[in-house]
Amino acid sequence: MSRLHHPQTYRSLYRIWFLLALLCLAPTLYADVIINDVTQLNPITMQAAIAPTSNDEVVQAVRDHNGPISIGGGRYSMGGQTAIDHGLQIDMRQMNKVIAFSAADKEITVQAGITWRAIQEYIDPYNLAVRIMQTYDNFTVGGSLSVNVHGRYIGQGPLVLSVKSLRIVLADGQLVTASPSENREIFYGAIGGYGGLGVIVEATLMLADNVKVERQSKVMPIGEYATWFSREVESNPDVIFHNADIYPNAYDTVRATSWVRTDKPVTEPDRLIPLDKGYLKNRLAFKVISGWPFGKGIRQHLLDPMLYAGDKVEFRNYEASYRVEELEPSSRKSSTYVLQEYFVPAVNLTPFVDDLRTVLRRHHVNVINISIRHARRDPGTLLAWARQDVFAFVLYYKQGTSEEDRKMVGAWTRELIDRVIAQNGSYYLPYQLHATVDQFHAAYPDADRYFALKRQLDPTGKFRNKLWEAYDHLPVTAATPAPDSDPLADTVKAQARQIPGYVRDEGQTYLTLPEWFLVYNPDEYAQYLKQHGGAGFPYFGSIGQGWGNYRDVTRITRRRGYPTNWGYHLMVSVLCTSYTVELGVKGLYENSAGRLTEWTAGGRRTPEDDFSARVAQEYVDFIRVDPWYEFSFSDRLKQLWTTPDPDGRHRIRRWERKGYLTTGYLVKAGYGGVIKVATKAIYGDADAEMMVLSKPHVAGTYPPSPKVRVLREYADGSQLLLLPRYEEFREHIAMLARAGVGFREIAGNERILMTLVVPDGWTYPGEGVHPLFARPVLTQPGWQRVALDIDVPRLDEVVRTLDKTRTPIEHLYDF
């Protein structure tokens, strides 16, 4: 920040005034983000979470963030598959738009954060349905693709079978299209790849007809089910949905339920399950089943016979629009409901049921339900759970949340995984991570091909989560050096970084922008007052821009993984709040009393109006180089009351202005006095210089300046320079750049923030500049303030290019 407002001047008083606020708010305002899943068993502390709305925002986030990245959607996985310690989570749920749709072709292209429910609501009026999805419609498309879901659909299988193409952002920020014919390896790696290869941002899906279906249900011994399924379900093209529920704890009886295409009139008039449907009965039933004596018998012999009694005909979309809310218990504090899933070849169904019964009964697992589904063979995903046609066993159970309970679950889970591997089957990866590394590789024999592809696309291991932390043990390749790097330059930089005080937090270049806004906006105010009265100034728009700048730079620092400077964030928050109060009071007053007295003067300017404009400009000029509290408001107050009265006209306006300005000057004079004393007591003098590492150049290239000191010279001709900070920093960097001096690092950093005030539509005609955001200059229509990320090694080129185009640099933000 500039010496203009001297952060210390604010921090001192804010420490006095807002100590309690710091104690109370700091843990919540900018604390690390806790990401958990639906089970509430896996809280993970992440550095930040962002919610992009466009592909460009995802690309920028991936390029900018230096640390690990995980991807989240509905967060219904159950083992940390959407999070990693101290990483950045890209929360995709705001990328929820339909991009393209063709009813004739039965295709839809969507952003990956959209839910199945949103798609259903979009396509239902066209009498179309999702071809493959889970039973519940809360899930996002991107999350479903990442785990390669399946449903209860007969003749279908994993979700990949209904995907025409997808778009994915890779670790280098490249946005690529992948399909079975284009970038095939990425397509089959990303689907079912659990966010390890990149961020899926779009998908084109194939749809089906929204036909009417009739429920058919039959109870039978489990030993008869395989033969019955082959005869009655698999060979019947009219069966749309099918599942079979195994009743615990005997595990010898199954209720098989099919939904079969029909022309009969519907008995359910709704085309989708209403979102406001209550689920009290469902939750009570689960409580009975999982907690009451004989609860499982009550379900099998009383509740289910009533539930399945009578005829039921509904639309396919209705049957595909169940909500996970029906499964949610009243509390997950001491116990929780969890899923597991196992896949076995169709020929091994009966032997695996015997294994399942043995393990679950021996460990007294509180099973609520086991649902059998059927899935066709996977076409080639690298982490395929269906390497041939399989039966899926979806195990829904209740467990305690204590550490001992988790250990017990881990023991019987690993035993079940051994049993399913022995049956040439697999287990599903979205759930708790109890499997050993050997079990993982046995169940997913092509995992090494997946990891090899990951090394190719993500050599530094940027995309990570708890799943890959547990099972991806191949070495991570170091990042490729920058093209212009050389060993000697790296040695010089390493030597410079050993000097105390050289390295500063790179994130500060961005966080100082909101403070500098407290110079820009008063400057705009001063310019406005030269031509107008105070009533027309955009006070409330300025408040919005101040907070908007703070929001944008905070997003940048979080996205890039910079350490969170809590004290600085609190200070900036307080600054923005106090400035909001100041502008809010001014705006309300000037647009009421001020506008009224302006009217009494017929819109003509008074000597007090001119005085106000002059003092506003003097104040801005002063705070660009000196702490604001040093500005003599008391002298201006004396001058105000000695302003001559040349003609005695417009007395109402003049006296109102005197009172308004007097109040403002008195408040600032008193406020500044307190801050001055506190600042000197707590901080002493400001740190007014900063070190810059130049590129090699000939000594004497630039004109001598007493404020540019050479601290050290290196063998390759580069120098460690000491430059003044704040406003003079921009001036001296520009002077050096114009003299041909380039820069390797500034305070140990290779990025720096620059702002320009330029016409709308302006673009930079060169390289090394990355636009971050722009905001209109509210008092200058057609102009905008643009924030640019500058590559420090190209900073000298940027300065000279801007000179050629006669574009002045508003500010270069030091650290």
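Worth saying up front: this structure is predicted, and the values here are computed from it rather than measured. (Residues numbered from 1 in each chain as written. Predicted model: local features only at pLDDT ≥ 70, side-chain atom pairs only at ≥ 80, totals over all residues. Heavy atoms only, no water.)

Q: Please explain the environment of H650 as it appears in this structure.
A: Checked against the element boundaries, H650 lands in the loop between α22 (633-641) and α23 (651-682). Spatially, the C-alpha atoms of H650 and T606 are 7.4 Å apart, while their sequence positions differ by 44 residues. Leave out the neighbours within four places in its chain, and H650 touches T600, A601, R604 and T606. (Helix = DSSP H or I, 4+ residues; strand = E, 2+ residues; numbered from the N terminus. Contact = heavy atoms within 4.5 Å.)

Q: Please explain the sheet that holds strand β25 (residues 769-776) as it appears in this structure.
A: Strand pairing within a sheet occurs via backbone hydrogen bonds; the two strands may be parallel or antiparallel. If you walk across this open sheet you meet the four strands as β25-β26-β24-β27, and the pairing is antiparallel. In this open sheet, the two strands that pair with only one neighbour each are β25 and β27 (811-813). Direction aside, neighbouring strands of the sheet carry axes that sit 25 degrees apart on average. In this sheet, β27 lies alongside strand β24 (residues 751-759) in antiparallel orientation, the contact comprising three bridges. Residue pairing in the sheet places M754 in a bridge with L812 of β27. The strands that helix α24 (residues 727-738) touches are β24 and β27; relative to β27, the one it contacts most, it runs at about 105 degrees. (Pairing = 2+ DSSP bridges. Axes fitted to C-alpha atoms, helices over the stretch in contact; angles between N-to-C directions.)

Q: Sorry if this is basic, but what is going on with the pattern of salt bridges here?
A: Two side chains with opposite charge may pair up if their charged atoms get near one another. According to the stated counting rule, one finds 55 salt bridges in the structure shown. A salt bridge links K586 to E582, with the nearest nitrogen and oxygen atoms 3.5 Å apart. Residue K586 and its partner E582 are located together in helix α20 (residues 566-600), separated by four residues, close to a single helical turn. When salt bridges that share partners are traced, they join R117, E121, D137, R323 and E325 into one network. (Salt bridge = Lys/Arg side-chain N within 4 Å of Asp/Glu carboxyl O.)

Q: Whenever I open this one, the sheet that holds strand β4 (residues 69-72) confuses me. Can you help?
A: Taken together, three strands build an open sheet; the order of strands is β3-β5-β4 and the sheet is parallel. Edge positions in the sheet fall to β3 (48-50) and β4, since each has one partner strand and no second. Here the average twist between neighbouring strands, direction ignored, is 25 degrees. By the bridge criterion, three bridges tie β3 to strand β5 (residues 88-91) in an arrangement that is parallel. Counted as the bridge partner of A49 is Q89 from β5.

Q: Would you explain the pairing of β5 in this entry?
A: Regular strands place side chains that alternate from one sheet face to the opposite one. The two faces of β5 match: L88 and I90 on one face and Q89 and D91 on the other face are all buried. Inspection of the sheet shows β4 paired to β5 by four bridges, in the parallel sense. Residue I69 lies in a different strand from β5, and its bridge partner there is L88. (Buried < 20%, exposed > 50% of the residue type's maximum accessible area, 1.4 Å probe, protein only.)

Q: I'm lost on empty space enclosed by the protein in this one. Help?
A: A water-sized probe, rolled over the atoms, reveals where empty space remains. With the rule as written, the count across this model stands at nine cavities of 30 Å³ or more. Taken as a whole, the largest cavity encloses approximately 100 Å³ of empty space. For the lining of the largest cavity, the secondary structure elements donating two or more residues are β16 (335-345) and α12 (403-422). In the lining of the largest cavity, the residues fall into nine nonpolar, four polar and one charged. (1 Å grid on protein atoms, 1.4 Å probe; cavity = no way out; pocket = protein on both sides within 12 Å on 5 of 7 lines; lining within 4 Å. Points joined across faces, edges and corners; volume = space filled by probe spheres on them. Nonpolar A, V, L, I, M, F, W, Y, C, P; charged D, E, K, R; others polar.)

Q: Would you mind going over unusual backbone geometry with me for this structure?
A: Peptide bonds are trans in most cases, and residues, glycine excluded, mostly fall at negative phi. Look at the link from P248 to N249: it is a cis peptide, with omega at 5 degrees. When you line up the elements, N249 lands in the loop between β13 (239-246) and β14 (253-261). Of note in this structure, Y194 is not a glycine but carries a positive phi near 55 degrees. By the element assignment, Y194 lies in the loop between α6 (184-190) and β11 (199-209). Judged by its relative accessible area of 5%, Y194 is buried. One non-glycine residue, H364, lies in the positive phi region at around 55 degrees. Secondary-structure assignment places H364 in the loop between α11 (349-362) and β17 (366-375). Exposure remark for H364: the relative accessible area of 69% places this residue in the exposed category.

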